[in-house]
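# Fold and geometry: a report
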Amino acid sequence: WSISELAVLPGEKKNFTLRLDVPYKVKKGNYRIKVIARGLTTLPLTVVVSEEGTFKTEFAAKQSNMEGNAKTSFNFNAELKNQTAGKQIYALRSNAPRGWNVAFKAIGRQVSSVQIEPNITENITIEVDPPDAIAAGTYKIPVSAVTTSSTANLELEVVVTGSYAMELTTRTGLLSTSVTAGDDKRVPLLIKNTGSADLKNIKMSFSAPLNWD
């Protein structure tokens, strides 16, 4: 029971519990509190706050940098902790370069915001998908969790080793030819590297009608 009064008979003892909720935003120091039984007695208490409290949010990734090619989808596991004194609704945002796709997931679902109780941590998965034809390099992906009263920022880093793609065609682009039965015909082919990384160990193969070589 939550009480404001307590009846105690003569010679009787009754136990009760006093709960003190210390604000998150509080300075370090000693705080004196009095519990008063009006007209009878006063119980002085001292609460020692050994560390200054904060009114903020923590947004951190277990691993903030990853490496892969342009076809890779990078999944970052992050933790969003509400260190404020009240329940908060965080809007999840990203400021990725143009052409990048960034999605947030919580409890296995794609979300644009999350609601977190005080002093609770929510696991957030951040999926980062670069453009397919992006050049090799290191890219910064800023993300943030925003409320009306606070903002927590997190910077992710993606190292793209390049994109892998190629095109097989002829020098003229013509894909048909003529040949006399029993003769040979040479058709020069052209392999184009349409990606942004070097291509090595390219192997050629073919399929043809029976007895064609």
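Anything mentioned here points back to the structure above.
Residues numbered from 1 in each chain as written. Predicted model: local features only at pLDDT ≥ 70, side-chain atom pairs only at ≥ 80, totals over all residues. Heavy atoms only, no water.

### Some details on the sheet that holds strand E5 (residues 74-82)
Pairing within the open sheet is antiparallel, and its five strands lie in the order E3-E5-E10-E7-E8. On the outer flanks of this sheet lie strand E3 (57-61) and strand E8 (109-111), each paired with one strand and no other. Here the average twist between neighbouring strands, direction ignored, is 35°. Of the pairings in the sheet, the one linking strand E7 (residues 101-106) to E8 comprises three bridges and is antiparallel in character. By the bridge assignment, Phe104 is partnered in E8 with Val111. (Pairing = 2+ DSSP bridges. Helix = DSSP H or I, 4+ residues; strand = E, 2+ residues; numbered from the N terminus. Axes fitted to C-alpha atoms, helices over the stretch in contact; angles between N-to-C directions.)

### Things to note about the side chain of Glu122
Checked against the element boundaries, Glu122 lands in strand E10 (residues 121-129). Of the buried charged residues, Glu122 lacks a salt bridge, with Arg109 as the closest side chain of opposite charge at 8.1 Å. If near-sequence neighbours (up to four positions away) are discounted, Glu122 is found in contact with Ala78, Glu79, Leu80, Ala106, Ile107 and Ile116. (Buried < 20%, exposed > 50% of the residue type's maximum accessible area, 1.4 Å probe, protein only. Lys, Arg positive; Asp, Glu negative; His and termini not counted. Salt bridge = Lys/Arg side-chain N within 4 Å of Asp/Glu carboxyl O. Contact = heavy atoms within 4.5 Å.)

### Focus on the pairing of strand E2 (residues 41-49)
Across nine bridges, strand E1 (residues 29-37) lies against E2 in antiparallel orientation. Bridging across to E2, Ile33 finds its partner in Leu45. As consecutive antiparallel partners, E1 and E2 are separated by three residues, and within that stretch Gly39 has a phi angle of approximately 80°, a positive value.

### Considering the sheet that holds strand E11 (residues 137-146)
What the five strands build is an open sheet, ordered E4-E12-E11-E6-E9; its pairing is mixed. Edge positions in the sheet fall to strand E4 (65-68) and strand E9 (113-116), since each of these pairs with one other strand and no more. Here the average twist between neighbouring strands, direction ignored, is 25°. Here 10 bridges tie E11 to strand E12 (residues 151-160), and the two strands are oriented antiparallel to one another. Directly across from Tyr139, in E12, lies its bridge partner Val158.

### So, the pairing of E10
Going residue by residue along E10, you find Glu122, Ile124, Ile126 and Val128 tucked away on one face and Thr121, Asn123, Thr125, Glu127 and Asp129 left uncovered on the opposite face. Judged from the eight bridges that link them, E5 and E10 form a sheet pairing that is antiparallel. Directly across from Lys81, in E10, lies its bridge partner Thr121. Pairing of E7 with E10 involves five bridges; the strand directions are antiparallel. What sits directly across from Ala103, in E10, is Glu127.

### A word on the pattern of salt bridges
Considering all chains together, one arrives at four salt bridges under this definition. Two residues, Asp21 and Arg19, come together in a salt bridge whose shortest N-O distance is 2.9 Å. Here Asp21 falls in the exposed class, since its relative accessible area comes to 58%. With a relative accessible area of 67%, Arg19 lands in the exposed category. Note that Glu127 and Lys105 form a salt bridge whose closest N and O atoms lie 3.2 Å from each other. Taken as a pair, Glu127 in strand E10 and Lys105 in strand E7 lie far apart in primary sequence, 22 residues in all.

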